[in-house]
Every structure is written in structure tokens, then in C-alpha cells.
Amino acid sequence: MKVLVAVKRVVDHNIKVHAKIDGSGVDINHLKMSMNPFDEVAVEEALRQKEAGKVQEVVSVSCGVKLCEEILRTSMAMGADRALHVATDRPLQPLSVAKLLAAVVKREQPQLVLLGKQAIDDDANQVGQMLSALLGWGQATFASKVDLNHHEVVVQREIDGGHEILKLPLPCVVTTDLRLNEPRYIKLPNIIAAKKKPLDTLTPESLGVDLAPHFHVRKVEEPVQNKQCIIVDNVTALVAILKTKTKVLP
Amino acid sequence: MTKILVIAEHDHQQLTIDTLHAFTAAMALEGSVDVLVAGYACQSASEQASRLQGVQRVHWVDSLCYQHHLAEPLAVLIVQLIAQSGYSHVIASANIFGKNLLPRVAALLDVAPISDVIRILSCDLFSRPIYAGGLIETVESLDAIKVLSVRSTAFDEAVFCHTCAPIDKVTPENDAVSILSVYVKQHLAQSKRPELTAAKVIVAGGKGLGSSEQFHALLEPLADLLGAAIGASRSAVDAGYAPNAYQIGQTGKVVAPLLYIAIGISGAMQHLTGMKDSKIIVAINKNPEEPIFQVADYGIVGDLLDIVPALYKVLAHQ
């Protein structure tokens, strides 16, 4: 069985981003970039399925600028067998990424596509669902447990107030929640070994995908923060305020 | 003309609270608003929808294949309805239900969905948080059909009236679409406390609680005394102090109660985005430099092991 894992290059989750001075976008120049943490979980899950003998090949794919190759190397240092880079300098919107991935799926014919449930930059939470729609496949989003068999996958997914279990025939798309696993630490020899693994480059043109934007970002701004915290000395004073001043307690 | 379809989430008897917030967002578009109630034996939910103040029409679809709200058949149904009735906007809540469903609908229509809308500026201009709420972007949709998931805390709960809008019973063209996913079972955490997203008061704990035992021992009595729901930061959930269903923030629930008491929560950006719209925020933390104090209205600096029992005592004696 072959698993395709889609990974996105995003601003590292420890870094606070700011809007550009003119409000035209997000200033990400010179910031540390990493693999989207949810996608790391997806890579880890594919590798665990391979180590359990259920998967033969794990292929990672990323769409975007040349530097996406770095996170593809990271995915191979984690253990992915090979990688595909859909190279373009044009900004990519989630629908375009879903179309690019659908075209890659048609070439690669995986039985399962794993990706993070959302990327921590645009927080869109869309690509997995759109990819499965474009392919006419089933979807299991927000997975917290994946039980893969020959012809089907049983997925436990996080829902409001608990979890539910779905069973999907293969092929299908599964998007991963943070709870699914804890990604492994990468050992130095694996980083070196990953440099020798195959990384092929494709283009949107060769995949026949149109990248026309479906929306324009008109403005990016910092959220309004106008609160002044009043430090209270003790709980008696606090309760008095909550009851009489703010009236949020009876 | 602006013609809006709200996709109702329900338990076949009643609409969820999130659906009532989504309806209010739809009304902000100033067009005619219809509601789709698709489920199995869901007549009472569709009747409830017909009493929403301002609704024009309810589409009621009753079939076993919509019993578990699976995205695959539901998306096909919605696309059919759009083709028949010419909707310009499709709206659902940006909760698990809407996030799972709407991108699938949008891809079938070849349009870009807009997630987590917090402000509707015009029929094609919407604001939404990015980077875990660290920034707000305003996007202009270029698509003929706008597919929007809306954040509940940004829109009021819709009200009901006594008159009923017409209910159309729709028979789907083909509810025998190929089976792409099968529902097996569901496990909902049983709790005598209110739902997080509906609670007026939330007592939330973070890593500062130190252990699962202390998390429960300190928070539960206080929550029960206040009739509050219990929430948790992601680090508290990751540390195993609380179940995932308690999680508030970027990857958990977004809440805006009247009173939010953050106990031992440092206030990572990904947590703040899930609670900073609460009316009154109280922070209890030993370090006054923690970012939680930047969004709090009132704070107490000190050891939560002393403060929380003392707070309980003062509240219990009043």
C-alpha cells in the first residue's frame, strides 16, 4: 500500500507574526519556517503504519516555493521514502492546493492520503475536505486514531463533546488532529540519509492546474487590544467586583 | 439578489446553539434567508427552524443517509439545492460540523470557502482570524457563490417567533450515492455541567494546575458552585489533566461566556484566540508577566493552590 502525505511550509509555531506596515499582508520575511505541526503528525502516522507492516511506501508532497524542499527533506529524515515538490512562486490558495494534490494523486495512485487538519498560518482547515471532494473519495477529518486494513480504514475522529468512529473504504483522505500521535525526533544520521532520497519536482503547468485566485486579501491587521487588567489583592475583593460592578455573578 | 442558505446542525429534535448564531450571521447579509434541515426523523428540528425570526423558507430533507450528518451525501444534497434555488451564500457554523462539511461543498462548486468569519462587511467582504487569532485578515471573495463558516462567538443567538415560515419537504434526487464513509458509533462525554459553548460561566485550567488530580480537585467544586462548564488549555490536555473535549483555543472550542476564570493558564496565543471575546476574564496566575493578563479584566497574582480554595470559600458563604 502507498500513502501520500501532504505537508505545508509555515512560519514556525513559536514565532509571533505581524502585519506589514501598509496592512497589505503578513510580514513573514526572515522568519524561521517549519513544517506545519499538524502535517508532522500526518507524516508520523504514515511512518507508524509502515513500521506496522501495513504500508509499503510513504511519499510526501509539498506545493509552493523552492524552500519547500527543506520540509520535504525533513519528512524524509523522519522516514518518508521519497518526495514530490510542486514548485511555484505564485501564492497558493487552499482550493488551488487541493487541485494540485488531486493531480498528484492521479499520478501516484495512493490508497490513502494523510494531511494535517489545518495549517497554523491561515487556519483554513479546508484542503483535506476539498481534496476528497475533487477525487470523489470519502473523508475522515480530525482523526485521533487510525486503524488501517487492506480495504478499509477505521478512524476515530474528534467531534464537539466527544469522538465518533467512521469506517471508510480505500482510497480515502484522512486529516490528522494533534492527538493522533507525537512526532519523532529526527536523528542526525537520518538527516544525512534523507539528502540521498529522491525528490522530484513537478509544476502546476505539468499537472494542468489553473492557479487563478478565488479571493483577494484586502487587509491584514493586528487585533484590537484595549484591555487594562486590574490586579486585585484578594478573592473577597474579586468576588465583590464580579457581583456588584460587572454583575456577571448573581 | 442575495439569497442565503443556512445549513442547520441539529440532533434531529432541536437545532444546535451554534446554528442559531450562524443564522444571525446570515441575517447580517440582508437578503432572504432559507434554512436546510437534513436528517432522519427530524421533523421537529425543521419545525423549530421555521420559527426562526426572519427565515423565509425551510427545506426539510428526511432520509436515513443524513442520519449521521456525514459530509459526503450532505455536500451532494446542498449542491443540488443551490442549483435548484440559486443561492448566492451558503452558511454554517465554524464548528466541527461546518468545518467538516463546507469545504467539501465548496470544492464541488469550484469556489473557495471562507473559514471562521467573524465580521461580515458586505456581501463579498469578510474578516477572519489567522495565525491563531494573532492577526485579522479581510478577504474579498471573487466567487459567484460564497461558502462561509462563521464563528459563533462573533454573532448573537437568533430568536424565535410565533409565526412559522413555510416548510418544503424535499426529496433528494439520489440518496443512493455511493457509500464513501460509514458511521460506526459515537461517544459523547456525559456531563451534568453545561456545554462549553453554551455556558454562561467557564472555569478553565492550565498546566499550572500541576496534575490531573489537582485539576479536578480544584476546578470541579468551583465549577459546580457557579453552574459553570470546565475548560482547559491545550498544554493541560496534552499533559493528560483533562480530556480533549475540554480544550479551548485554536484547535479546540471557541467560547465567549459572561465570565471566564483562567486558572494556571499562561495564555499562549493559540489559547487566547478561543476565549478572548469573553465578557469578563479573570486570571489567576503566579506570574504577573504571563500573556493571560493582557486579555484579562481582573487578575489575582499568587499561588493557585491557595487562591482557588479561598475563592470557593468566599463564593460558598454568600
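Only a predicted model underlies this, so the values are computations on that prediction, with no experimental measurement involved.

Focus: the overall build of chain A
A count of helices and strands for chain A gives seven helices and 15 strands. Judged by the C-alpha coordinates and their principal axes, chain A covers about 65 × 45 × 40 Å. Burial analysis of chain A (250 residues in total) assigns 48% to the buried set.

Concerning the overall build of chain B
Helices and strands together make up the secondary structure of chain B, namely nine helices and 16 strands. Relative to a compact globule of 318 residues, whose C-alpha radius of gyration would be 20 Å, chain B shows 21 Å and is just as compact. Oriented by its inertia axes, the alpha-carbon framework of chain B measures out at about 65 × 40 × 40 Å. Counting over 318 residues, chain B shows a buried share of 57%.

Thoughts on helix H2 (residues 43-50) of chain B
Residue and element names in this part refer to chain B. Taken together, the buried positions of H2 are Ala-45, Ser-46, Gln-48 and Ala-49. Buried positions in H2, seen along its axis, are confined to an arc of 155° and lie on one side of it. Considering only its buried residues, H2 is in contact with strand S2 (32-39), strand S3 (55-62) and strand S10 (167-169).

Here we look at the sheet that holds strand S14 (residues 215-221) of chain A
An order of S14(A)-S8(B)-S7(B)-S6(B) is seen for the four strands of this open sheet, with the pairing classed as antiparallel. The two strands at the open ends of the sheet, each matched to only one other strand, are S14 of chain A together with strand S6 (119-120) of chain B. Pairing geometry for strand S7 (residues 125-130) of chain B and strand S8 (residues 135-141) of chain B, over six bridges, is antiparallel. Residue Ser-127 of chain B lies in a different strand from S8 of chain B, and its bridge partner there is Thr-138 of chain B.

Considerations on the interface of chain B and chain A
Chain B puts 67 residues into the contact, and the matching count from chain A is 65 residues. By residue number, the principal contributor to the side of chain B that touches chain A is helix H4 (residues 96-109) of chain B, which donates eight residues. Taken together, the residues of the side of chain B that touches chain A break down into 42 nonpolar, 15 polar and 10 charged. Pairing geometry for strand S11 (residues 162-169) of chain A and strand S11 (residues 182-188) of chain B, over six bridges, is antiparallel. From the neighbouring strand, His-163 of chain A faces S11 of chain B, where its bridge partner is His-187 of chain B.

Quick notes on the confidence of the model for chain B
When pLDDT is averaged across chain B, the result is 94; 98% of the residues are at 70 or more. Scoring the predicted complex yields pTM 0.92 and, for the interface, ipTM 0.95.

Side note on the packing of helix H3 (residues 71-85) of chain B against H4 of chain B
All names here are of chain B. Where H3 contacts H4, the axes come no closer than 9 Å and their chain directions differ by 50°. Comparing the axis directions of H3 and H4 gives the class oblique. At the point where H3 passes H4, the crossing takes the right-handed sense. Residues Ala-71, Leu-74, Ala-75, Ile-78 and Val-79 of H3 pack against Asn-100, Leu-101, Arg-104, Val-105, Leu-108 and Leu-109 of H4.

Notes on helix H2 (residues 68-78) of chain A
Residues and elements named next belong to chain A. In terms of burial, H2 is largely enclosed, as eight of its 11 residues are buried. Residues Cys-68, Ile-71, Leu-72, Thr-74, Ser-75, Met-76, Ala-77 and Met-78 constitute the buried set of H2. Positive phi appears at Gly-79, one or two residues downstream of H2, with a value of about 145°.

Details of the sheet that holds S3 of chain B
Residue and element names in this part refer to chain B. If you walk across this open sheet you meet the seven strands as S5-S9-S4-S1-S2-S3-S10, and the pairing is parallel. Edge positions in the sheet fall to strand S5 (114-117) and S10, since each of these pairs with one other strand and no more. Geometrically, the sheet is characterised by an average inter-axis angle of 25° between neighbouring strands, direction not taken into account. Here strand S4 (residues 89-93) runs beside strand S9 (residues 146-150); their pairing, made up of five bridges, is parallel. Across the sheet, residue Val-90 finds its bridge partner in S9, namely Val-147. Seen against the sheet, H2 touches S2, S3 and S10 and runs at an angle of roughly 170° to S3. Contacts from H3 reach strand S1 (3-7), S2, S3 and S4 within the one sheet, and its direction differs from that of S2 by about 145°.

Section: the domain arrangement of chain B
Interfaces are often sized by the amount of accessible area the parts lose when they come together. We note that the domain assignment places domain 1 (3-169) and domain 2 (196-316) within chain B. For the side of domain 1 of chain B that touches domain 2 of chain B, the residue count by class is three nonpolar, four polar and two charged.

Considering unusual backbone geometry
Pro-171 of chain A follows Leu-170 of chain A through a cis peptide bond whose omega is 0°. Along the chain, Pro-171 of chain A turns up in the loop between S11 and strand S12 (172-176). One non-glycine residue, Phe-142 of chain A, adopts positive backbone phi at about 60°. Within the fold, Phe-142 of chain A resides in strand S9 (residues 138-148). Note on Phe-142 of chain A: 27 C-beta atoms within 10 Å, which makes it buried. The residue Glu-30 of chain B is not glycine, and still its phi comes out positive at about 55°.

A short note on the pairing of strand S7 (residues 82-87) of chain A
All names here are of chain A. In the sheet, strand S6 (residues 57-64) pairs with S7 via six bridges, with the strands oriented parallel. Residue pairing for S7: Ser-60 is matched across the bridge by Ala-83. After leaving S6, the chain enters H2 and then returns to the sheet as S7, a path that is right-handed. Note that S7 and strand S13 (residues 199-202) share four bridges and pair parallel. Within the sheet, the bridge partner assigned to Val-86 lies in S13 and is Leu-202.

What counts and how
- Residues numbered from 1 in each chain as written.
- Chains lettered and ligands numbered in written order.
- Predicted model: local features only at pLDDT ≥ 70, side-chain atom pairs only at ≥ 80, totals over all residues.
- Helix = DSSP H or I, 4+ residues; strand = E, 2+ residues; numbered from the N terminus.
- Buried ≥ 20, exposed ≤ 12 C-beta atoms within 10 Å, placed from the backbone.
- Rg over C-alpha atoms; globule rule 2.2 N^0.38 Å.
- Arc of directions from axis to C-beta.
- Contact = placed C-beta atoms within 7 Å.
- Pairing = 2+ DSSP bridges.
- Nonpolar A, V, L, I, M, F, W, Y, C, P; charged D, E, K, R; others polar.
- pLDDT = per-residue confidence, 0-100.
- Axes fitted to C-alpha atoms, helices over the stretch in contact; angles between N-to-C directions.
- Parallel < 35°, antiparallel > 145°, perpendicular 65-115°, else oblique.
- Left-handed = near helix turned anticlockwise from the far one by under 90°.
- Domains from an automatic or database assignment.
- Right-handed = clockwise from strand over helix to strand, strands pointing away.

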